[in-house]
Amino acid sequence: MAVELCLLLLLFCGSTISEVQPIYKPPPGTLDFGFVPAKTYDTGAYHEPGAIGILFKIVHAFLYLVQPNTFPQDLIRKLAQQQFGNTQGDYQKAIYYEIGFIVSAALGLLFILLLPLVGLCFCMCRCCDNCGGEMHQRQKKNADCQRSCFATFLFVASLIISVGVLCAYAANQHLTNQVRGAKKLVNSNFKDLKIFLNDTPAQIDYLVNQYNTTKDKALSDLNNVGPVLGTRVQEQLGKEVRPALDAALTMAGAIRETKEALENVSVSVEVLQEGTERLHANLTDVKMHLSNTLNDSACSAAQAASTCNIIRNSLVQLNINANFSGLPGVSLQLAKINEVLKIDLSSLVQKGYAAFNDTPDLVVNQTRNILSDIKSVLESIGSNITTFTRALPVQKILADLMVHLTQSEAYVQDYFPLVEQYDFYRWLGCLILCCMLVLILVFYYLGLLCGTCGYDKHASPTTRGCISNTGGNFLMAGVGFSFLFSWVLMIVVVLTFVTGGNVEKLVCEPFEDKNLFKVLDTPYLLNKHWKNYLAGIIFKNPNVNLTFEKVYSDCKENKGIYTSLHLEHLFNINELLNISMYTEDVALKIEHIQINLSKIILLDEIGKENLLNFSSSGIDGIDFSAYLTEINKSVTKVDLLSFANDLEARADQLPKGALENALKGHANNIRMIHNQQVVPLEQAMSTLNQSIRLLKRTSSELMVKVKNVISAVNAAQDLINNNASQVIVQETKKYMDTIIGYFEQYTEWVKESISMEVAACKPIANVIDTAVDIFLCSYIADSVNTFWFGLGGSSMFLIPAIIFAVKLSKYYRRMDTEDVYDDTENGNNGYHKEHLYGIHNPVFTSSVEQW
């Protein structure tokens with residue numbers, strides 16, 4: 001009943017999972033659902049025995065020597081199915097498996113039967129002065145050596161028995177300590193089970209409440225449908241719209257640049273024409289004055305004649321080189337460009353940009369009604385989840401489970417004192433058994449102590465001291481108690497050995513390597529009509545593949561009970577809460593979104609006409625070659641600075657006087673003309689060069705460029721007017737899949753949470769581990785096995801201890817008669833028996849109690 005109620009507890013957990021088949025798997029924004037609240041379980045289902053664990057390992061090794069065979073799964077299955085013995089080989093297999101225990105138990109039974117019988121015969125024999133009962137000791141030369149050997153062997157045997165007693169006592173005390181401390185472990189398990197029950201509703205509520213995270217994210221995207229869907233549509237259309245508008249805006253900039261270039265050409269040509277005329281006049285004037293100076297009589301002198309002739313011949317270079325007077329004007333083209341610029345094309349293009357950038361606002365305005373419907377659907381999903389949660393009898397199931405758990409805990413608490421009481425009786429009985437051996441050991445140790453300390457090697461057997469004699473008596477007392485107690489000890493050893501050893505081999509080891517679960521999972525084992533017993537109990541369907549081993553392993557890994565028990569076979573999740581139905585409603589609502597972008601005008605007809613007027617402005621008819629021909633020329637035929645420097649150098653070659661000074665004056669005048677007239681002209685030529693080349697680049701295939709811009713704008717406008725619906729449908733589908741993706745994330749998270757976190761069944765595995773691995777195996781089986789191991793070893797060494805004690809007591813006890821040494825006789829090693837000569841010495845006669 002409790003198991004079935006525990007399974008029903010997960011009903012709601014399963015109900016939150018949906019089998020949504022994703023239409024499209026975009027990478028939606030990842031939702032953060034946080035962590036399912038879970039408390040830490042206190043029980044650590046692991047037992048560390050401490051120092052006594054070494055003894056446990058030794059006992060396990062001994063049991064492996066006694067029983068090295070593998071776990072007999074087939075025999076256990078036949079025994080459970082009551083088919084054991086149907087075949088001839090079953091008993092042989094069982095005997096073969098148990099042969100180690102059978103042989104060991106048989107030896108123990110022989111010990112139980114023979115040792116008391118041997119003791120009885122030994123006692124009767126000694127009473128008849130046989131078997132060492134005669135109080136006479138024959139003297140031998142190696143008597144000291146024999147006594148030492150017997151004492152050593154007895155001491156060693158006593159030590160081994162002492163070790164066995166200590167092992168048995170430690171195991172006995174360990175079991176009692178663990179039983180006393182078991183209450184804490186039991187309470188810890190009950191506490192974990194209560195946490196398991198109490199924490200599950202909170203986990204269920206957390207899963208339900210996290211639907212709000214999904215809903216809030218979906219509503220956030222819906223409220224931001226403009227930035228989300230509108231931006232997506234805008235990005236797709238922008239792949240063609242933005243390049244077209246950018247080209248138009250670039251062309252508008254080209255018109256302004258063309259105007260500036262034409263103005264620069266017009267101004268520069270005018271400056272150059274005026275400047276070259278003035279330069280020509282100044283150079284002509286300089287040549288005339290230089291000629292007059294060279295016609296001076298000073299140039300007729302032999303020293304100056306050649307220099308003057310050279311200077312006279314170079315005057316032809318003082319002339320202008322470039323002629324700008326014949327260049328055509330650009331006033332007509334400039335007038336047309338000014339006419340084109342009366343319309344602000346850039347402003348028109350910016351209006352197109354603004355209209356296109358208003359796409360998100362258009363989406364918002366045209367989706368208001370549909371968004372309200374979608375929000376209503378999302379709210380209805382949350383209401384249905386809340387209604388379904390309230391309809392589930394979770395609290396009733398939890399209350400019933402808590403009642404069963406409380407009753408079980410009360411039952412355990414009530415009977416635990418009785419368990420401790422019975423354990424006390426057990427501990428006392430085991431202590432009495434250990435005390436039996438301790439009593440024997442006390443006699444042996446006292447006998448060794450008194451005999452060794454009181455022995456006088458110079459004393460004859462009939463004159464031994466009281467201490468030595470007492471030591472011998474202690475040894476014989478130990479022998480007597482050994483015969484009395486040994487068979488009782490061995491009975492306990494055999495019973496605990498057979499029981500504890502088989503529990504270890506047939507329960508503990510198979511439980512550890514999970515072979516025990518494989519036996520329990522055998523089809524038709526526990527119920528001949530059910531293939532899988534656990535599935536038949538839980539689902540009433542034994543064909544479901546649910547095994548004890550899988551459930552235990554999953555709970556051991558702290559997985560959710562829904563996964564561990566395969567509760568999907570018990571709950572029809574789609575019928576309980578079919579979220580896919582709601583997501584289909586959301587998808588249908590989103591698919592009905594219709595967005596009209598025909599109001600967006602990228603560039604009106606005025607702007608297009610303006611572009612055409614620019615292409616027909618005539619700048620492509622400018623004679624660029626004529627301009628470039630003159631621009632590539634220098635202003636003068638000779639560099640005036642070089643000419644002036646050369647003139648001054650030649651003047652230095654002339655004799656000092658008026659001629660030299662006059663020529664240097666002309667050189668300075670030429671430099672001044674260069675600085676004041678040539679340099680400005682060169683700057684004007686550079687400006688003209690840049691403007692002409694810009695106009696040439698702009699005019700190159702201008703008509704084709706303008707038509708391409710207009711075609712691109714028309715194509716983008718056509719996409720918006722006629723084909724935008726396809727883009728909108730495509731982006732709307734992606735947007736819808738993003739919204740649906742949030743729900744799929746939620747359901748996948750719920751699945752993962754239920755599988756691994758919700759109602760994690762670690763406490764169930766802990767209860768099994770506590771009951772079997774800790775209580776039965778670690779506490780009881782290991783302690784019992786260690787107890788019989790120590791007790792049995794001590795009992796077995798009682799046999800050599802008896803032999804050595806009997807032998808040794810002869811050397812410690814005072815004898816009634818002894819061999820007398822004869823100095824005159826050499827035969828028989830110098831010794832002869834006193835009674836052979838009829839000699840009796842009453843002085844040395846001691847009344848020793850006969851055995």
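Since this is a predicted model, take the numbers as computed values, not measurements. (Residues numbered from 1 in each chain as written. Predicted model: local features only at pLDDT ≥ 70, side-chain atom pairs only at ≥ 80, totals over all residues. Heavy atoms only, no water.)

1. Examining the packing of helix α24 (residues 640-653) against helix α25 (residues 658-699)
Here's step 1: Relative orientation of the contacting elements α24 and α25 amounts to 170 degrees, with a least axis distance of 9 Å. In terms of orientation, α24 and α25 fall into the roughly antiparallel class. Mapping the contact onto sequence places L640, L641, F643, A644, N645, L647, E648, A651 and D652 in α24 and E660, L663, K664, H666, A667, N668, I670, R671, I673, H674 and V678 in α25.
Here's step 2: Looking at the contact of α24 with α25, its residues break down into 11 nonpolar, four polar and five charged. (Axes fitted to C-alpha atoms, helices over the stretch in contact; angles between N-to-C directions. Helix = DSSP H or I, 4+ residues; strand = E, 2+ residues; numbered from the N terminus. Parallel < 35°, antiparallel > 145°, perpendicular 65-115°, else oblique. Contact = heavy atoms within 4.5 Å. Nonpolar A, V, L, I, M, F, W, Y, C, P; charged D, E, K, R; others polar.)

2. A look at the nonpolar core
Here's step 1: Counting 140 residues, the largest nonpolar core has L318, L602, Y627, L663, I670 and L688 as the members making the most contacts within it.
Here's step 2: Ranked by residue count, the leading element in this core is helix α8 (residues 225-294), at 22 residues.
Here's step 3: The contact partners of I670, leaving out residues within four places of it in the chain, are V286, L290, L318, L640, F643, A644 and L647.
Here's step 4: Listed in part, the 50 residues of the second largest apolar core include I112, M436, Y455 and A805. (Core = buried A, V, L, I, M, F, W, Y, C linked by side-chain atoms within 4.5 Å. Buried < 20%, exposed > 50% of the residue type's maximum accessible area, 1.4 Å probe, protein only.)

3. What to know about the state of the cysteines
By definition, a disulfide links the sulfur atoms of two cysteines through a covalent bond.
Here's step 1: All chains considered together, the criterion is met by two disulfides.
Here's step 2: The side chain of C508 participates in a disulfide bridge whose partner is C777; the two sulfur atoms lie 2.0 Å from each other. With the S-S dihedral at roughly -100 degrees, the linkage between C508 and C777 falls on the left-handed side. With C508 in helix α15 (residues 466-512) and C777 in helix α27 (residues 762-796), this pair connects stretches of sequence that are 269 residues apart. In this pair, the class of C508 matches that of C777, namely buried.
Here's step 3: Note that C555 is cross-linked by a disulfide to C761, the S-S spacing being 2.2 Å. (Disulfide = S-S within 2.5 Å.)

4. Overview of helix α10 (residues 331-340)
Here's step 1: Restricting attention to buried positions, one finds in α10 the residues Q333, L334, I337 and V340. Down the axis of α10, the smallest arc covering the buried residues is 115 degrees, so these residues share one side. Structural note: α10 exposes S331 and L332 on the side pointing more than 90 degrees away from its buried face. (Arc of directions from axis to C-beta.)

5. A few points about unusual backbone geometry
Excluding glycine, a negative phi dihedral is what most residues carry, and trans is how most peptide bonds are arranged.
Here's step 1: The backbone of K514 sits at a positive phi, close to 65 degrees, despite the residue not being glycine.
Here's step 2: Assignment of secondary structure puts K514 in the loop between α15 and α16 (515-520).
Here's step 3: For K514, a relative accessible area of 26% puts it in the partly exposed group.
Here's step 4: Positioned with a positive phi, N558 is a non-glycine residue whose angle comes to about 65 degrees.
Here's step 5: The residue N558 is located in the loop between α18 (548-556) and α19 (561-564) in this model.

6. Side note on helix α23 (residues 624-631)
Here's step 1: If you check which residues of α23 are buried, you get F624, Y627, L628, E630 and I631. All buried residues of α23 fall inside an arc of 165 degrees around its axis, so they share one side.

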